[in-house]
Structure formats: structure tokens, C-alpha cells
Amino acid sequence: MTKTILINDAKSNAAKSINKYLLEHFGQDSDYVVLFNVFHQKLYQAHQTKKPNIVVWALSEYTQEIHDYIVEFSSLVKIILLIDTTIIQPDIIQFLNQSNVKIILDKKTKSKLNNPIAEYDQLYEDSLFFDQKKERNNKTLILLSKNNTKNLETIKLPTEIKEVYNMVAIGNPEYDSPINLGVFHYAELGEILSDFSAVIDLDNEYRLECQACSIPYVRIDDDFDISNISSFEPDVDNINECTYKYFVNNNIIPFIRK
Amino acid sequence: MNIGFYLLDVEQTNKKHQVILKCINELYAIRPYDNIVLFNNKFSTVDPDQKYYTLHISEAKYFKGILFVFDIKSAMLTKSFPASKKQILFIDKPEWSEKRDVPYMFWKHIYNHEDFELITANETMEKLCDNCWRKPLSNLKDLNGEQINAVLQKL
């Protein structure tokens, strides 16, 4: 019997990557019909007309509509909720723990949810990070923290350029400096990283991406001195298992097929 | 040699424009046998010393020569021009750090564009460009015909 999977499009990188591999897998399977769209304000209509067996939704797209849907249909429909952002309201955590929703948990969100079907810490989208042989520009790239106070405390470079120190920063428009070269999209990060000779990642978010592009990843510890970088993080051993593709194929797809 | 200057909205009150027009006239005095063209869309100024040709900016797309541009807006428009031998982007301020919510790739596609050479207005900008993008072709001590001629000789 054909099963229908409803996948809600989402803005977060994690949700986009997971959705991509679900689509890639189930889109070719004649036993499954995949509905992929932005289902805000269309979820109930889609439920009535298409009768989905499985619903995949990201917490970053959580609305009253999906909340009500979980209340009404979580016993009939397999609802998979991707926890891709931190839950601020404790009553939602309590609600989800008491519901029949299946959780995929990003551990970085530090959400206390019971019995997730799968959880991950760091994953990367390997299709975007591969250019290991590109000529480097002998410059160091600073991936700025989202918290600008941290940027100001860590990057103690003079604001006046008196000498060329070959460092540039991207990722937070609040950081007021002539070396701040703007913001970036995750989809472009591979192309950006592969130009540079080293990376300082203040929020420690893109270690796998840097390794995939063969770029030395600067260690930020108590001895960190931006004007004298000497210490780098070692490579992660199982990087091939830290891809969204691997995670979806080994953790989510078997669960949906069950 | 064909030498073009791409200048949008030339205004009488814009000091930078007046300096550039003066510079073009000085360049003509140095290189009287070259074709020196100003490409513009609006020319609201009086230049009694005018020695250059003027053409509409739409003509610049197929201009076969060296094209000077003086701001990011112009560079955005000219970067895809297929005919110019080389484009020279004059940088007198760090526009990227004034508009920090613009994506890095936007700036990169201009400042690191292979058809562009960078020239800077002062030593600080030269160091900043070298730090952030790449070493400029030249740093002008002053924006005048002699300095522009020196840039052309470096090409």
C-alpha cells in the first residue's frame, strides 16, 4: 500500500538538508508519495485531501496550526518533529514529551526531550564542501560570533590598519571594523572557505566544513592570541559519518520505513 | 589607446566628480593622441575645459579599452561588460565596512573579479585593500592626470 509523506519546507539549514535527503530517497520510491511544500495554513487541507501517513516538520516552523495538528492527529499520523532550534517555553517541552510526536534532536539546542528517535551534535552538508585543492590566499578568515560582545573580546586587532595582518571577518554585521566583509549564506560557505589558509570560528560551528575543505581550524583556548596563532584543532576521525546524508539514511529513513 | 571613464550622475556640486573631470582633462594633455571618453547618464555640470568625448553609459558595454570606475554602483554595472580590456576600480573608502549586512560574496565578486584592477586613494586604503582583498595595482598620492597616466603605464 502506498504511503504518503508530507514534508514541510523550512528555513533552517538542518531542516533543508534533512528534507533534501528524504526527498531524494522517497521521491524515487513508488511505494511512497511525497508532498513537499510550505504547509503553513494548508496543513489541515492537505490532511483532508491527501491523507498523509507521515508528517515531517521542523520546530523552527512551529506554529499554533502544527500544535493543534499534533493534539488532534498524533495518534493517527506519524509526526516527526525536527528540533533544530532551542525551545524557550517549558510548556512546549512538557507538551512534546507527553505527546506521541517522534523527535529528531539537535543536541546543541540543549532541549530536554524524552526518547528522541535520533539525535545529532554536529553534521554538515557534504555536497557543499569539497574544494580541497583550490589555491589559498594566505589570509585567515574569522567566522564571527553571533554574540558581538564575544567578537569584541576575542578579536583584539587595531581598528586602524597600520600594517597588513591578512585577517578578515564575516558573519555578523554588528562587528564594527574595516576588516568585516559582510555576512554569508551557508550554501556559499564552501566557496568562501576554500579561498582561505586558516579559519578562526568563534562559535565553533563549522569545524566539519573546514575539515572537508582541508583548512586548518584554529584552536580557541585560554592561550588564544589572534596575533600569534600557533595551535590548531585535530581532524575529526569519522567525518564521513557526520554528514546529513549519512544521518538521514541511517537514522531517519529506517524509522519511517518501519 | 582607448581610455574610458564611467561616471554616473555627474553633478556640479559633487567635489569628487569635479576632481575626476579635472583629472580627465589633465590626462588628455598628457596623452593627446589617445581616445579619452567619459561615459555618463546625466551630465549636470559646466566644464569649460572639456577635452574628452562624452558618450552615454549604454555605449560603455562594448567599449574596447581601459575603463576606469569610481564606485561600487558603477562596478556592479560594468563587471559583466564583455569588451573592455581591463577595468580599473578606484577605491577611496571601505564601502564593505559601511554596509556590513551585504553578503561577502557580493563584495568578493567585485573586488576579486579577475577583470578588475584596484587602485586606492591613500596609504590606509592600500593596506586595507591588501589585507581584505588583494594588493592594489597602485596607490595614488593624488587623483590627477599624472597619477592616472602612471597607472596606465603599469598595465
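In what follows, the structure referred to is the one given above.
This one's a predicted model, so the numbers in the text were calculated from it and none came from an experiment.

Participant: Explain the overall build of chain A here, please?
Facilitator: Helix and strand counts for chain A come out as 8 helices and 9 strands. Viewed in the frame of its principal axes, chain A has a C-alpha envelope of about 70 × 40 × 30 Å. With 258 residues in all, chain A has 49% of them scored as buried. Taking the intrachain contacts of chain A between residues at least 6 apart in sequence as the baseline, contacts between residues at least 24 apart amount to 64%. A total accessible area of about 13200 Å² is found for chain A, and carbon and sulfur atoms account for 46% of it. Averaging the positions of the 26 positive and the 37 negative side-chain charges in chain A gives two centres separated by 6 Å.

Participant: Explain the pattern of salt bridges here, please?
Facilitator: Side chains that differ in charge, positive against negative, can pair when their charged atoms come close. All names here are of chain B. A full pass over the atoms with the stated rule returns 21 salt bridges over all chains. A salt bridge links Asp-34 to Arg-31; its shortest N-O distance comes to 2.5 Å. In this structure Asp-34 comes out as buried when scored by relative accessible area, which is 14%. With its nearest N and O atoms 3.9 Å apart, the salt bridge here joins Lys-135 to Asp-130. Looking at Lys-135, the relative accessible area reads 58%, which means it is exposed. Under the relative-accessibility criterion, Asp-130 is labelled buried at 17%.

Quick notes on the rules
- Residues numbered from 1 in each chain as written.
- Chains lettered and ligands numbered in written order.
- Predicted model: local features only at pLDDT ≥ 70, side-chain atom pairs only at ≥ 80, totals over all residues.
- Heavy atoms only, no water.
- Helix = DSSP H or I, 4+ residues; strand = E, 2+ residues; numbered from the N terminus.
- Buried < 20%, exposed > 50% of the residue type's maximum accessible area, 1.4 Å probe, protein only.
- Contact = heavy atoms within 4.5 Å.
- Areas by Shrake-Rupley, 256 points an atom, 1.4 Å probe, with all protein chains shown as cover.
- Lys, Arg positive; Asp, Glu negative; His and termini not counted.
- Charge placed at Lys NZ, Arg CZ, Asp CG, Glu CD.
- Salt bridge = Lys/Arg side-chain N within 4 Å of Asp/Glu carboxyl O.

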